[in-house]
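# Summary of structural features
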Amino acid sequence: MDANLKARWVKALRSKRYRQASGNLREKQSNKRYSYCCLGVLCHTMGVKWKTGVPVLNDTIMEAQGEAYLSYDALKMVGLDDDTQRQLATMNDEGYTFRDIADHIENTIRADQPLAPGEG
């Protein structure tokens, strides 16, 4: 994973700016605000546009169809593997705080694969 993206993601998770959701990358709340799972925060950090509820970046659909996970193309783009994203989603949905998840990301995800120009 690109070191800059990893740092921005960890910082965003710790910022208290995001309300935590489970089971979806992003959920609309009754007050017209959104809550996010940890993977949704990653998408938001990268600057995705949410088109009819689906995150899109540079014409890449970031969400796996019908699932609250990143698509294969999105995983490749950000430098994560499917096992890692599922572990993070499970932590998120089991009630780990964003701070706990940020600590886990910081300690376990390597930061060495740069993003291609224009990706996040």
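First things first, this report covers the structure right here in the doc.

Reading the values: rules and limits
- Residues numbered from 1 in each chain as written.
- Predicted model: local features only at pLDDT ≥ 70, side-chain atom pairs only at ≥ 80, totals over all residues.
- Heavy atoms only, no water.
- Helix = DSSP H or I, 4+ residues; strand = E, 2+ residues; numbered from the N terminus.
- Buried < 20%, exposed > 50% of the residue type's maximum accessible area, 1.4 Å probe, protein only.
- Contact = heavy atoms within 4.5 Å.
- Core = buried A, V, L, I, M, F, W, Y, C linked by side-chain atoms within 4.5 Å.
- Polar contact = N/O pair within 3.5 Å; in protein donor to acceptor, adjacent residues only side chain to side chain.
- Lys, Arg positive; Asp, Glu negative; His and termini not counted.
- Salt bridge = Lys/Arg side-chain N within 4 Å of Asp/Glu carboxyl O.
- Pairing = 2+ DSSP bridges.

### Points about the overall build of the protein
- In terms of helices and strands, the protein carries five helices and six strands.
- For the protein, the succession of helices and strands along the chain, N to C, is α-β-β-β-α-β-β-β-α-α-α.
- C-alpha extents for the protein along the principal axes are approximately 40 × 30 × 25 Å.
- Expressed as a percentage of the 120 residues in the protein, the buried residues total 43%.
- If you take every contact in the protein between residues at least 6 apart in sequence, the share linking residues at least 24 apart comes to 55%.

### A closer look at unusual backbone geometry
- One non-glycine residue, lysine 16, lies in positive phi territory at about 65 degrees.
- For lysine 16, the position within the fold is in the loop between helix 1 (3-14) and strand 1 (19-20).
- Unusually for a residue other than glycine, lysine 32 sits at a positive phi of about 70 degrees.
- Relative to the helices and strands, lysine 32 resides in the loop between strand 2 (26-28) and strand 3 (34-36).

### Here's the deal with the nonpolar core
- Core analysis: the largest hydrophobic core is formed by 34 residues, its most contacted members being Trp9, Leu13, Leu42 and Leu70.
- Within the residue set of this core, elements represented by two or more residues are helix 1, helix 2 (38-46), helix 3 (72-78), helix 4 (82-93) and helix 5 (98-108).
- Among the elements that line this core, the one with the most residues is helix 2, at six residues.
- Dropping the residues within four chain positions of it, leucine 42 is found in contact with Met1, Leu5, Trp9, Leu70, Val78 and Leu80.

### Quick look at the side chain of glutamine 85
- With respect to the element layout, glutamine 85 can be found in helix 4.
- Polar contacts involving the side chain of glutamine 85 include one to the main-chain amide nitrogen of leucine 70, which spans 2.7 Å.
- Every residue in contact with glutamine 85, bar those within four places of it in the chain, is listed here: Leu39, Tyr69, Leu70 and Leu75.

### Focus on the side chain of lysine 6
- Assignment of secondary structure puts lysine 6 in helix 1.
- Salt bridges are absent for the buried lysine 6, whose nearest opposite-charge side chain, glutamate 106, sits at 6.9 Å.
- Apart from residues no more than four positions distant in its own chain, lysine 6 is found in contact with Met1, Ile105, Glu106, Ile109 and Ala111.

### What about the sheet that holds strand 4 (residues 49-51)?
- Across the sheet, three strands lie side by side as 4-5-6; this open sheet has antiparallel pairing. Either end of the sheet is taken by a strand with one partner, and the two such strands are strand 4 and strand 6 (60-61).
- The sheet contact formed by strand 4 and strand 5 (residues 54-57) spans three bridges and is antiparallel. Bridge pairing in strand 5 links lysine 49 to valine 56.

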